[in-house]
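# Structure assessment
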Amino acid sequence: MRKFKDNLTVTGIYLVFIALLVATVYPILWVIGTSLNPGQSLLVSRMIPDHPTFAHYAELIKQTDFVLWYRNTVKIALVNAVVSTTLVAATAYAFSRFRFKGRQQGLMTLLILQMFPGFLSVMALFVLLLQTKLLDTHTGLILIYAGGSVSMGTWVMKGHFDTIPKSLEEAVFIDGGSHADAFFKIIFPLSLPAVTFVALNSFITPFMDFILPQIVLRSSEKMTLAQGLYSMVATETNSSFTLFAAGAVLVALPITCLYMYFQKYLIHGITAGADKG
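The numbers attached to residues start from 1 for each chain and follow its sequence in the written order. Confidence filtering applies because this is a predicted model: local features only for residues at pLDDT of at least 70, side-chain atom pairs given and counted only at 80 or more, and all residues used for totals across whole chains, interfaces and linings. Calculated side-chain values reflect all of the structure's heavy atoms, with hydrogen atoms and water omitted.

## A closer look at unusual backbone geometry
Definition in use: Numbering of helices and strands runs from the N terminus; a helix is a DSSP stretch of H or I covering at least four residues, while a strand is a stretch of E covering at least two. The buried label goes to any residue with under 20% of its type's maximum accessible area, the exposed label to any with over 50%, and the partly exposed label to all in between, with areas taken from a 1.4 Å probe on protein chains only.
Look at Lys133: it is not a glycine, yet its phi comes out positive at around 60°. Structurally, Lys133 is set in the loop between helix 5 (122-131) and helix 6 (138-162). The exposed category is assigned to Lys133, whose relative accessible area is 71%. Located in the positive-phi region is Asp136, a residue other than glycine, with phi close to 65°. Looking at where Asp136 falls in the secondary structure, it is placed in the loop between helix 5 and helix 6.

## Notes on a nonpolar patch on the surface
This is how it is decided: Residues with no salt bridge and a relative accessible area higher than 30% make up the patches, which join like charges within 9 Å and nonpolar side chains (Val, Leu, Ile, Met, Phe, Trp, Tyr) within 5 Å. Areas reported as accessible are Shrake-Rupley estimates using a 1.4 Å probe. Residue values count occlusion only from the protein chains shown. Any carboxyl oxygen of Asp or Glu within 4 Å of a side-chain nitrogen of Lys or Arg constitutes a salt bridge here.
Together, Met108, Leu111, Ile112, Met115, Phe116, Phe119, Leu120 and Ile211 make up an exposed nonpolar region whose accessible area comes to about 840 Å². Of the residues forming the nonpolar patch, the biggest block, three residues, is contributed by helix 4 (residues 103-113). By the secondary structure assignment, Ile112 is in helix 4.

## A look at the packing of aromatic side chains
Applicable threshold: Stacked, edge-to-face and tilted labels apply to pairs of Phe, Tyr and Trp rings (six-membered ring for Trp) whose centres lie within 6.5 Å, assigned for plane angles under 30 degrees, over 60, and everything in between, in that order.
Throughout the structure, instances matching the rule amount to 12 aromatic pairs. Here the aromatic cluster, defined as three or more aromatic residues joined through ring pairs, consists of Tyr93, Phe98, Phe161, Phe183, Phe184 and Phe188.

## Topic: the nonpolar core
Our working definition: By convention a nonpolar core is built from buried Ala, Val, Leu, Ile, Met, Phe, Trp, Tyr and Cys residues, the set being connected through side-chain atoms within 4.5 Å. Contacts are residue-level and defined by heavy atoms, with any inter-residue pair within 4.5 Å sufficient.
In this structure, Phe66, Phe207 and Leu225 are the most contacted members of the largest nonpolar core, which totals 21 residues. Those elements that place two or more of their residues in this core are helix 2 (55-63), helix 3 (66-97), helix 9 (192-208), helix 11 (225-232) and helix 12 (241-261). Filtering out sequence-adjacent residues up to four positions away, Phe207 remains in contact with Tyr70, Thr73, Val74, Ala77, Leu225, Val251 and Ile255. Membership of the second largest hydrophobic core comes to 17 residues, among which are Ile186, Ile187, Ala194 and Val198.

## Examining the packing of helix 11 against helix 12
We apply this condition: Axes here mean lines fitted to C-alpha atoms, for a helix over just the part in contact, with angles spanning 0 to 180 degrees between N-to-C directions. Here the word oblique covers every angle except those under 35 degrees (roughly parallel), over 145 (roughly antiparallel) and from 65 to 115 (roughly perpendicular). What makes a crossing left-handed is the near helix being turned counterclockwise from the far one by less than a right angle; a clockwise turn instead makes it right-handed. Ten residues, namely Ala, Val, Leu, Ile, Met, Phe, Trp, Tyr, Cys and Pro, are considered nonpolar, four, namely Asp, Glu, Lys and Arg, are considered charged, and the remaining ones, Gly among them, are considered polar.
Viewed as axis vectors pointing N to C, helix 11 and helix 12 meet at an angle of 160°, and their least axial separation amounts to 9 Å. Taken as axis vectors, helix 11 and helix 12 run roughly antiparallel relative to one another. For the pair helix 11 and helix 12, the crossing hand works out as left-handed. Across from Leu225, Leu229, Tyr230 and Met232 in helix 11, the residues of helix 12 making contact are Leu243, Phe244, Gly247, Ala248 and Val251. When grouped by side-chain class, the residues that make up the contact of helix 11 with helix 12 number eight nonpolar, one polar and no charged.

## Quick word on the pattern of salt bridges
Under the criterion given, the structure shown has two salt bridges. Measuring nitrogen to oxygen at the nearest pair gives 2.7 Å for the salt bridge that ties Lys158 to Asp162. Linking Lys158 with Asp162, this pair stays in helix 6, spanning four residues, or about one helical turn. Comparing Lys158 with Asp162, the two get one shared label, buried.

## Some thoughts on the side chain of Asp136
Condition: When charges are counted, Lys and Arg are positive and Asp and Glu negative, with His and the chain ends excluded. Pairs of N or O atoms are called polar contacts if they sit within 3.5 Å, as long as, within protein, a hydrogen donor faces a hydrogen acceptor (for residues adjacent in sequence, only side-chain-to-side-chain pairs).
Among buried Asp, Glu, Lys and Arg side chains, Asp136 stands out as unpaired, with Lys222 the closest opposite charge at 4.3 Å. Of note is the side chain of Asp136, whose polar atom sits 2.5 Å from the side chain of Ser219. Beyond its immediate sequence surroundings of up to four residues, Asp136 is in contact with Val216, Leu217, Arg218, Ser219 and Lys222.

Printed below as a string of structure tokens:
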């Protein structure tokens, strides 16, 4: 009887995973099929068309500002990854290795901030950027992304830093090294999984986000991919769904490749700091 229950449980787990796989793969195949479908219609008779065409990809690149949007997004993503990772690493190292007044309260504040969605502060951010003349600039958008990454990234990276023995740093101090030497020579090399996790998440955020760029960026030449692709299907007279699908595929490809390449580091980055808080 017990063996039957175990088999039933395993079967149920497999059925759940199969359902999740179908729910994940089906939209992907549908978008790819739509991008290869002749015409501009969102509705297709078959998931993979009888006469697939890459004309939409050529039109997207040659007749729209897709390359400009892509360049803007990549620039924002790269700078955001560097700035966010630097801020998170410095903050996490301070909370992990130093003891100061308000440390626990600061950690708790960062944890509580994760409970609130980012769009709650949209009006405050808009006014702040307007007063600092950073509205409609990539710099303003990057600063918002970098500041928002500190709350979640600090806990992930701090947990990883806590697992590194302090004796390794003490050996650097004995040799006359500073905290900077200990961080760059010991902590940072041993924390590549956590650093990769934070950097990759920071890099991907501008590709996925639509709300903040729509509020911050007003000029057409500064638009990101999310804004540009949205403009293709935003109105009744401008509903190029096949172009939108082609753009979605081109956006997803590099992100998918990055996740697959750094998969090992991402898993380590998430789980390595789980033993200590």
